[in-house]
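Chain by chain, the residues:
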Amino acid sequence: MSTPDVRLGSWEAVRLVAGREVTTKMRSKAFIITTVATLVLLIGFALVMKLSDGSDETVGVTQETQALAEPLKATGEQIGQSIGTTVVTEEEGRGQVADGTLDALIVGGADGALRVVVEKDLDGDLKNALNVLAGQLALNREIADLGGDPAQVQTSVANAVVDVEPLEEPYPYQPDQLVLGIIAGILIYMSLLLNGQMVAQGVVEEKSSRVVELLLSTIRPWQLMAGKVLGIGFVGFVQMVVIGGGGLIAALALDVLSIPVSAAIGTVVWLIVWYVLGFVMYSLVFAALGALVSRQEDVGGVITPALMFVIVGYVIGISVLPSEPDNTLAGVLSMIPVFAPTLMPMRLAMGGVPAWEAIVSVGLVVALIPLLVWLAGRIYANAVMRSGAKVKLRDALRTA
């Protein structure tokens with residue numbers, strides 16, 4: 001009596017495997033906790049930015065030192081520190097310094113050394129501003145003693161600027177863009193690291209428990225691999241949409257972004273695009289490498305070489321781009337497929353990336369994926385049914 005053919009259709013089999021992965025992973029405590037924790041951290045970061053935004057230093061001046069208020073504000077602007085001033089009596093000022101209303105009180109300096117009252121110590125930026133002001137006052141006294149006009153000298157010095165002739169117009173990077181770039185890099189890195197390893201661990205789990213033998217009695221190896229990759233990838237996609245969208249909504253609601261809304265939305269879109277591309281590329285590799293071993297404790301060793309590319313791209317991006325967004329090495333590496341998923345979304349969030357670089361980067365990854373599908377499928381099919389010792393890569397590449 002012949003055994004009936006119970007094999008499912010190609011895409012029906014892939015859909016069933018993917019659906020099983022989606023249901024299992026999205027109901028897991030790890031997925032829920034990770035998603036909620038990351039979203040809470042992003043919202044908390046937005047709150048910190050909101051609370052720190054506009055936290056100007058406030059300095060009190062007395063009637064005798066009121067003339068120093070405007071020079072102090074101008075000095076603060078020169079060094080990037082926003083300083084507010086208020087006129088108080090010395091007695092009131094000392095009380096407000098004691099209760100924290102004022103950061104400092106200027107009680108001397110019109111004709112002598114600048115003297116400031118603080119509760120315990122001066123903030124670093126405010127101290128720098130006051131030191132610069134003290135230097136200006138000392139210089140004014142020396143100019144006056146020599147018979148010159150301090151105001152005229154200050155005007156001449158202020159108007160003396162270098163004439164810069166750039167060969168290329170520099171991109172005006174903004175602090176918010178740099179922050180978004182770093183956040184994008186961290187999210188992509190975490191997603192590839194966690195979800196990619198999840199694929200390899202799932203393959204080994206099914207292989208070690210012999211579940212894969214039952215599954216492959218009704219579906220083909222490539223269908224099982226494709227379903228697992230698509231299922232876990234969809235779970236990660238949902239996670240990226242929730243985290244990226246939730247973080248963006250929080251930032252817009254708290255009004256902590258100084259860049260246009262379209263730029264912020266573009267960052268989230270690119271984040272999702274690069275997650276999809278990066279996950280598909282790396283998860284195919286992880287699935288194939290996971291099929292080479294039969295024990296969970298061997299997973300880390302077999303996928304480490306591939307993970308190193310993810311880690312190196314992330315480390316270069318997080319250490320180089322914040323201080324030098326137009327770094328040439330980072331720019332070149334961001335177009336190489338193995339580094340692109342972590343580096344390119346960071347560069348795109350920071351802005352200033354030529355359109356052709358973004359197109360080339362996406363195009364190379366898209367072109368590489370079909371090759372990886374064939375290569376990973378071959379390794380997976382030849383290794384997933386072999387239990388026991390680790391399967392050598394060259395053996396898995398041979399035709400079954």
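Residues numbered from 1 in each chain as written. Predicted model: local features only at pLDDT ≥ 70, side-chain atom pairs only at ≥ 80, totals over all residues. Heavy atoms only, no water.

(A) The arrangement of a nonpolar patch on the surface in detail. A cluster of nonpolar side chains, contributed by L252, V261, I265, V269, W270 and V273, occupies part of the molecular surface with about 450 Å² of accessible area. Among the residues examined, L252 registers a relative accessible area of 37% and is labelled partly exposed. (Patch = residues over 30% accessible without salt bridge, like charges linked within 9 Å, V, L, I, M, F, W, Y side chains within 5 Å. Areas by Shrake-Rupley, 256 points an atom, 1.4 Å probe, with all protein chains shown as cover. Salt bridge = Lys/Arg side-chain N within 4 Å of Asp/Glu carboxyl O. Buried < 20%, exposed > 50% of the residue type's maximum accessible area, 1.4 Å probe, protein only.)

(B) Here's a closer look at the environment of K120. Counting through the fold element by element, K120 comes out in the loop between β4 (115-117) and α5 (124-145). Judged by relative accessible area, which is 77%, K120 ranks as exposed. With 22 residues separating them along the chain, K120 and A98 place their C-alpha atoms 9.1 Å apart. (Helix = DSSP H or I, 4+ residues; strand = E, 2+ residues; numbered from the N terminus.)

(C) Up close: the UniProt feature "transmembrane region" (unreviewed entry) in the protein chain. Sequence positions flagged by UniProt for "transmembrane region" (unreviewed entry) are, in local numbering, residues 30-49, 178-200, 229-252, 272-292, 299-321 and 358-377. Taken end to end, residues 178-200 has its terminal C-alpha atoms 33 Å apart, with 100% of it in helix and 0% in strand. Annotated as 96% helix and 0% strand, the span residues 299-321 places its first and last C-alpha atoms 32 Å apart. (UniProt positions renumbered as here; feature names shortened; annotations may be inferred.)

(D) Just the packing of aromatic side chains, in detail. Counted under the stated rule, the structure contains five aromatic pairs. With a centroid separation of 5.6 Å and 25° between ring planes, the pair formed by Y275 and F279 is classed as stacked. On the criterion of helical spacing, the pair formed by Y275 and F279 is a turn pair, its members being four residues apart in helix α10 (residues 261-290). No difference in accessibility class separates Y275 from F279, as the two residues are buried. (Phe/Tyr/Trp six-rings, centres within 6.5 Å; stacked < 30°, edge-to-face > 60°.)

(E) Summary view of the environment of L333. Looking at where L333 falls in the secondary structure, it is placed in helix α12 (residues 328-333). As a C-alpha pair, L333 and G313 span 20 residues in sequence and 7.9 Å in three-dimensional space.

(F) How the structure looks around the nonpolar core. If you look at the biggest cluster of nonpolar residues, it comprises 70 residues, and the most contacted ones within it are W274, L292 and I303. Counting residues per element, this core draws most heavily on α10, which supplies 15 residues. Setting aside its immediate chain neighbours within four residues, W274 contacts I188, A340, P341, M344, P345, L348, S361, V362 and V365. (Core = buried A, V, L, I, M, F, W, Y, C linked by side-chain atoms within 4.5 Å. Contact = heavy atoms within 4.5 Å.)

(G) Examining the pattern of salt bridges more closely. Inspection of the entire model under this criterion finds seven salt bridges. Three or more residues are tied together by salt bridges with common partners; here these are R20, E21, K25 and K228.

(H) Molecular detail of a negative patch on the surface. Residues D103, D121, D123 and D125 make up a contiguous surface patch of negative charge. The partly exposed category is assigned to D123, whose relative accessible area is 35%. (Lys, Arg positive; Asp, Glu negative; His and termini not counted. Charge placed at Lys NZ, Arg CZ, Asp CG, Glu CD.)

(I) Here's a closer look at the packing of helix α7 (residues 175-208) against helix α13 (residues 340-350). The N-to-C vectors of α7 and α13 enclose an angle of 160°; their axes lie 7 Å apart at closest approach. By the angle class used here, α7 and α13 are roughly antiparallel. By crossing handedness, the relation of α7 to α13 is classed as right-handed. Contact residues: α7 offers Q177, L178, L180, G181, I182, A184, G185, I188, Y189 and L192, while α13 offers P341, T342, P345, M346, A349 and M350. Looking at side-chain class alone, the contact of α7 with α13 contains twelve nonpolar, four polar and no charged residues. (Axes fitted to C-alpha atoms, helices over the stretch in contact; angles between N-to-C directions. Parallel < 35°, antiparallel > 145°, perpendicular 65-115°, else oblique. Left-handed = near helix turned anticlockwise from the far one by under 90°. Nonpolar A, V, L, I, M, F, W, Y, C, P; charged D, E, K, R; others polar.)

(J) Inspection of the packing of α7 against α10 at higher detail. Across the interface, α7 lies against α10 with an axial gap of 8 Å and an inter-helix angle of 30°. The pairing of α7 with α10 is recorded here as roughly parallel in orientation. Both α7 and α10 take part in a crossing whose hand is right-handed.

(K) Broad picture of the side chain of S191. Counting through the fold element by element, S191 comes out in helix α7. The class of S191 is buried, set by a relative accessible area of 4%. In terms of polar contacts, S191 uses its side chain to reach the backbone carbonyl oxygen of L187, at 2.9 Å. Once residues lying within four places of it in the same chain are set aside, the contact partners of S191 are G196, M240 and Y275. (Polar contact = N/O pair within 3.5 Å; in protein donor to acceptor, adjacent residues only side chain to side chain.)

(L) Structural context of empty space enclosed by the protein. Following the criterion strictly, the structure yields three cavities of 30 Å³ or more and no others. Within this model, the largest cavity holds a volume of roughly 280 Å³. If you trace the largest cavity, you find 21 residues lining it, with L42, L180, I183, G247 and L248 closest to the centre. Of all the secondary-structure elements, those providing two or more residues to the lining of the largest cavity are α2 (29-52), α7, α9 (221-253) and α10. (1 Å grid on protein atoms, 1.4 Å probe; cavity = no way out; pocket = protein on both sides within 12 Å on 5 of 7 lines; lining within 4 Å. Points joined across faces, edges and corners; volume = space filled by probe spheres on them.)

(M) View of the pairing of strand β1 (residues 57-61). Burial analysis of β1 places four of its five residues in the buried class, which makes it a mostly covered element. Examined bridge by bridge, β1 and strand β2 (residues 83-87) share five bridges and lie parallel to one another. Bridge assignment links T58 to a residue of β2, and that residue is G84. (Pairing = 2+ DSSP bridges.)

(N) Fine view of the confidence of the model for the protein chain. With 88% of its residues at a pLDDT of at least 70, the protein chain reaches an overall mean of 80. The model gives residues 1-6 a pLDDT under 50, and that stretch makes two contacts with residues more than four places away or in other chains. (pLDDT = per-residue confidence, 0-100.)

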